[in-house]
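Listed here are the chains, written in short residue letters.
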Amino acid sequence: SACTSQLIAWCKANNDAHIKLFSDSVKDAKEQGRKKKQSGTPKETYYSQLANAIFSNDEDPEVWLLFQTKPGALIK
């Protein structure tokens, strides 16, 4: 779907945020030979950026309108 494509594109373009949101455990970092990602940026900021990437141009007018009027409804 278009939403899935937008999600994948955002994750590829924002690798650090992607790791922070979806998988960064100490175990994962150790297995991948790197340090765990730590950021002063709250996850909510990343969720907001991700929602914007997915829903700001949604083809469904109802979803688009919901995101424009109540973006928090589509975050988390």
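Note that the structure is a prediction, hence the values are computed from the model and not measured. (Residues numbered from 1 in each chain as written. Predicted model: local features only at pLDDT ≥ 70, side-chain atom pairs only at ≥ 80, totals over all residues. Heavy atoms only, no water.)

## Some thoughts on the packing of aromatic side chains
Per the stated rule, a full pass over the model turns up one aromatic pair. With a centroid separation of 6.1 Å and an interplanar angle of 40°, the aromatic rings of Phe55 and Phe67 are classed as tilted. Placement of Phe55 in helix α4 (residues 43-55) and of Phe67 in helix α5 (residues 61-69) is noted, with a sequence separation of twelve residues between them. Here Phe67 falls in the buried class, since its relative accessible area comes to 8%. (Phe/Tyr/Trp six-rings, centres within 6.5 Å; stacked < 30°, edge-to-face > 60°. Helix = DSSP H or I, 4+ residues; strand = E, 2+ residues; numbered from the N terminus. Buried < 20%, exposed > 50% of the residue type's maximum accessible area, 1.4 Å probe, protein only.)

## Thoughts on the confidence of the model for the chain
A low pLDDT score tells you not to read the predicted coordinates there in detail. Of all residues in the chain, 97% attain a pLDDT of 70 or more, and the chain-wide mean is 88. Within the chain, the element-level pLDDT minimum falls on helix α3 (residues 26-31), averaging 81, and the maximum on α5, averaging 94. (pLDDT = per-residue confidence, 0-100.)

## Points about the nonpolar core
By size, the foremost hydrophobic cluster in this structure holds ten residues: Trp10, Cys11, Ala17, Leu21, Tyr46, Leu50, Ala51, Ile54, Phe55 and Phe67. For this core, the secondary-structure elements that each account for two or more residues are α1 (2-13), α2 (15-22) and α4. Take this core: its biggest share by element is five residues, from α4. Ignoring any residue separated from it by four or fewer positions in sequence, one finds Ala17 in contact with Trp10 and Tyr46. (Core = buried A, V, L, I, M, F, W, Y, C linked by side-chain atoms within 4.5 Å. Contact = heavy atoms within 4.5 Å.)

## Re the packing of α4 against α5
As a packed pair, α4 and α5 sit with axes 10 Å apart at the nearest point and diverge in direction by 150°. Once α4 is placed against α5, the crossing between them reads as left-handed. Note on element contacts: α5 touches α4 through Val63, Trp64 and Phe67, opposite Ala51, Asn52 and Phe55. In terms of residue class, the contact of α4 with α5 is built from five nonpolar, one polar and no charged. (Axes fitted to C-alpha atoms, helices over the stretch in contact; angles between N-to-C directions. Left-handed = near helix turned anticlockwise from the far one by under 90°. Nonpolar A, V, L, I, M, F, W, Y, C, P; charged D, E, K, R; others polar.)

## Some points on the pattern of salt bridges
Considering all chains together, one arrives at one salt bridge under this definition. We note a salt bridge from Glu31 to Lys27, for which the minimum N-O separation is 4.0 Å. With a gap of four residues between them, Glu31 and Lys27 both fall in helix α3, about one helical turn apart. Each of the two residues, Glu31 as well as Lys27, counts as exposed. (Salt bridge = Lys/Arg side-chain N within 4 Å of Asp/Glu carboxyl O.)

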